[in-house]
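Inside the fold
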Amino acid sequence: QVQVAESGGGLVQTGGSLRLSCAASGRTLSTYAMGWFRQAPGKERQFVAAITWRGRRLSYADSVKGRFTISRDNAKNTVYLQMDSLKPEDTAVYYCAVVTNYFSGYLRDVDYDYWGQGTQVTVSS
């Protein structure tokens, strides 16, 4: 079992920044990748960014490329999502999740095995 906990959401104005943190605990040695997804009211959950734990491969959704940066601290079993130049359309609940299958992908929510509770990000216009 892996426990996942997000933090760092909040209210920010357009053009502002926030940094989300995601701490994993439990059987973290089995982690292959960690990712961020978001879900706005009335919309489906969508991929935001992901990072593999050993290979350091990074992936971003086109809508956040150049504005969001995902990084990790292996010693702390923590992944960060630095969000800059925020827009109102970034408003959503942001979820962190963990992939434990080394033969899996990490771009779809069905690839992920463990999820956090989510943290609200609201960008005011």
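Above this text you will find the structure in question.
With that settled, the discussion passes to the state of the cysteines. The final tally for this structure, using the stated rule, is one disulfide. The disulfide partner of C22 is C96, and the S-S distance across this bridge is 1.9 Å. Measuring handedness by torsion sign, the sulfur bridge of C22 and C96 sits at about -80° and is left-handed. Placement of C22 in strand β3 (residues 18-26) and of C96 in strand β9 (residues 92-99) is noted, with a sequence separation of 74 residues between them. Accessibility assignment for this pair places C22 and C96 in one class, buried.

Take the nonpolar core next. Counting residues in each nonpolar core, the largest one holds 37 residues, and the members touching the most others are W36, L81, M83 and Y94. Listing elements by their share of this core, those giving two or more residues are β1 (2-7), β3, β4 (33-39), β5 (46-52), β7 (68-73), β8 (78-83), β9 and β11 (119-124). Looking at which element gives the most residues to this core, the answer is β9, with six residues. In this structure, L81 is in contact with L18, R19, L20, W36, V48, A49, F68, T69, I70 and Y94, ignoring residues within four places of it in sequence.

Side chains bearing opposite charge may pair, as long as their charged atoms lie close to each other. All chains considered together, the criterion is met by five salt bridges. D62 is the salt-bridge partner of K65, the closest N and O atoms lying 3.2 Å from each other. In this structure D62 comes out as exposed when scored by relative accessible area, which is 64%. A salt bridge links R67 to D90, with the nearest nitrogen and oxygen atoms 2.7 Å apart. Placement of the pair is R67 in the loop between β6 (58-60) and β7 and D90 in the loop between β8 and β9, with a sequence separation of 23 residues. By relative accessible area, R67 is classed as buried at 10%.

Cut-off values and rules
- Residues numbered from 1 in each chain as written.
- Predicted model: local features only at pLDDT ≥ 70, side-chain atom pairs only at ≥ 80, totals over all residues.
- Heavy atoms only, no water.
- Disulfide = S-S within 2.5 Å.
- Helix = DSSP H or I, 4+ residues; strand = E, 2+ residues; numbered from the N terminus.
- Buried < 20%, exposed > 50% of the residue type's maximum accessible area, 1.4 Å probe, protein only.
- Core = buried A, V, L, I, M, F, W, Y, C linked by side-chain atoms within 4.5 Å.
- Contact = heavy atoms within 4.5 Å.
- Salt bridge = Lys/Arg side-chain N within 4 Å of Asp/Glu carboxyl O.

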